[in-house]
Amino acid sequence: MGDYRGPEAAETLVRSLYAEHGRSLLAYATRLTGDRAAAEDVVQETLLRAWKHADDLSEGKGSVRGWLLTVARNLVTDRARARAARPAEVADVEDRPPVAGDHSESVVNTMVVLDALDQVSPEHREVLVQLYYRGRSVTEAAKELGVPPGTVKSRSYYALRALRAVMAGSETEVAR
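Below, the structure is looked at part by part. (Residues numbered from 1 in each chain as written. Predicted model: local features only at pLDDT ≥ 70, side-chain atom pairs only at ≥ 80, totals over all residues. Heavy atoms only, no water.)

1. Topic: the overall build of the protein chain
Working step 1: Across its full length, the protein chain carries eight helices and zero strands.
Working step 2: Listed N to C, the secondary structure of the protein chain is α-α-α-α-α-α-α-α in terms of helices and strands.
Working step 3: The buried share of the protein chain, reckoned over its 176 residues, is 27%.
Working step 4: The contacts in the protein chain between residues at least 6 apart in sequence include a share of 56% that link residues at least 24 apart.
Working step 5: Surface accessibility of the protein chain: about 12300 Å² in total, with carbon and sulfur atoms responsible for 52%. (Helix = DSSP H or I, 4+ residues; strand = E, 2+ residues; numbered from the N terminus. Buried < 20%, exposed > 50% of the residue type's maximum accessible area, 1.4 Å probe, protein only. Contact = heavy atoms within 4.5 Å. Areas by Shrake-Rupley, 256 points an atom, 1.4 Å probe, with all protein chains shown as cover.)

2. A closer look at the packing of aromatic side chains
Working step 1: Applying the stated criterion across every chain, the model contains one aromatic pair.
Working step 2: Residues Y157 and Y158 carry aromatic rings whose centres are separated by 4.9 Å and whose planes lie at 85° to one another, so their mutual orientation is edge-to-face.
Working step 3: Classification of Y157 as partly exposed rests on a relative accessible area of 48%. (Phe/Tyr/Trp six-rings, centres within 6.5 Å; stacked < 30°, edge-to-face > 60°.)

3. Here we look at the environment of E40
Working step 1: Mapped onto the secondary structure, E40 falls in helix α2 (residues 36-52).
Working step 2: When its relative accessible area of 40% is taken as the criterion, E40 is described as partly exposed.
Working step 3: Sequence separation of E40 and L26 is 14 residues, and the distance between their C-alpha atoms is 6.5 Å.

4. Focus on the nonpolar core
Working step 1: Residues L17, V42, V43, L57 and L68 are the most contacted members of the largest nonpolar core, which totals 21 residues.
Working step 2: Of all the elements in the fold, those that place two or more residues in this core are α1 (7-33), α2, α3 (54-58) and α4 (64-85).
Working step 3: It is α1 that contributes the most residues to this core, eight residues altogether.
Working step 4: Contact partners of V42, with chain neighbours within four places excluded, come to A29, T33, A72, L75, V76 and R79.
Working step 5: The next biggest cluster of nonpolar side chains, apart from the first, holds eight residues, and it includes V120, L128, L163 and V166. (Core = buried A, V, L, I, M, F, W, Y, C linked by side-chain atoms within 4.5 Å.)

5. Description of the side chain of Q130
Working step 1: Relative to the assigned elements, Q130 resides in helix α6 (residues 122-133).
Working step 2: Relative accessible area serves as the criterion here: at 6%, Q130 is assigned to the buried category.
Working step 3: Here R136 takes part through its side chain, which lies 2.3 Å from a polar atom of the side chain of Q130.
Working step 4: Residues contacting Q130, with those up to four places away along its chain left out, are G135, R136, A141, E144 and L145. (Polar contact = N/O pair within 3.5 Å; in protein donor to acceptor, adjacent residues only side chain to side chain.)

6. Quick notes on the environment of A116
Working step 1: With respect to the secondary-structure elements, A116 resides in helix α5 (residues 104-118).
Working step 2: For A116 and A162, which are 46 residues apart along the polypeptide, the C-alpha to C-alpha distance reads 9.0 Å.
Working step 3: For A116, the contacting residues outside a window of four places in its chain are L163, V166 and M167.

7. A short note on the packing of helix α7 (residues 138-145) against helix α8 (residues 149-168)
Working step 1: Two numbers describe how α7 lies on α8: the axes approach to 8 Å, and their chain directions differ by 100°. In this view, α7 runs roughly perpendicular relative to α8, as classed from their interaxial angle. Seen from α7, the contacting residues are V138, A141 and A142; seen from α8, they are P149, V152 and K153.
Working step 2: When grouped by side-chain class, the residues that make up the contact of α7 with α8 number five nonpolar, no polar and one charged. (Axes fitted to C-alpha atoms, helices over the stretch in contact; angles between N-to-C directions. Parallel < 35°, antiparallel > 145°, perpendicular 65-115°, else oblique. Nonpolar A, V, L, I, M, F, W, Y, C, P; charged D, E, K, R; others polar.)

8. Section: the side chain of S156
Working step 1: Checked against the element boundaries, S156 lands in helix α8.
Working step 2: Look past the residues within four positions of S156 in its chain and what remains in contact with it is V127 and L131.

9. Some thoughts on α2
One turn of an α-helix holds 3.6 residues; hence residues three or four places apart share an orientation.
Working step 1: Between its first and last C-alpha, α2 extends 24 Å over 17 residues, near the 24 Å set by a 1.5 Å rise per residue.
Working step 2: Looking only at α2, the buried set comprises A38, A39, V42, V43, T46, L47 and A50.
Working step 3: A side-chain oxygen of the first residue of α2 lies 3.3 Å from the backbone nitrogen of A37; this N-cap is D35. (Expected span 1.5 Å × (residues − 1).)

Below, the structure written as structure tokens:
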């Protein structure tokens, strides 16, 4: 290969090695890693090692391409072993919602509904409380209030209309 002693000569060696073996070295590293970017890093590191060992390469011992491919394979093996030896890195997830959400909107909604409940008739309020706040069925609410189930259904219908009217700002209670 010629005399490659000294920094300028070593740089010339690396340039000639890349020109002659760069494409096949990149193809080999890409096959080994399965990742083009990682393969480019392997080629760069391989050529850096060739630069450091320019004297050994210039003495003509063995195949230069074989030496380069062996170094590339060893680098890939070393990287795989290093990844296996330490736990996998976890990337930060940016689009995750906050752990504790802002509950101010639900507080305001609760206050509005409670204020509106104060403005409907006591019969309507009792039915809405039984059905929606205590989660009772129509039959259970009827037993609790001491009225027939049909009355609970009727009152809940008119109670919801009255509640909507109050919340809409008309404040005119629907009588029934």
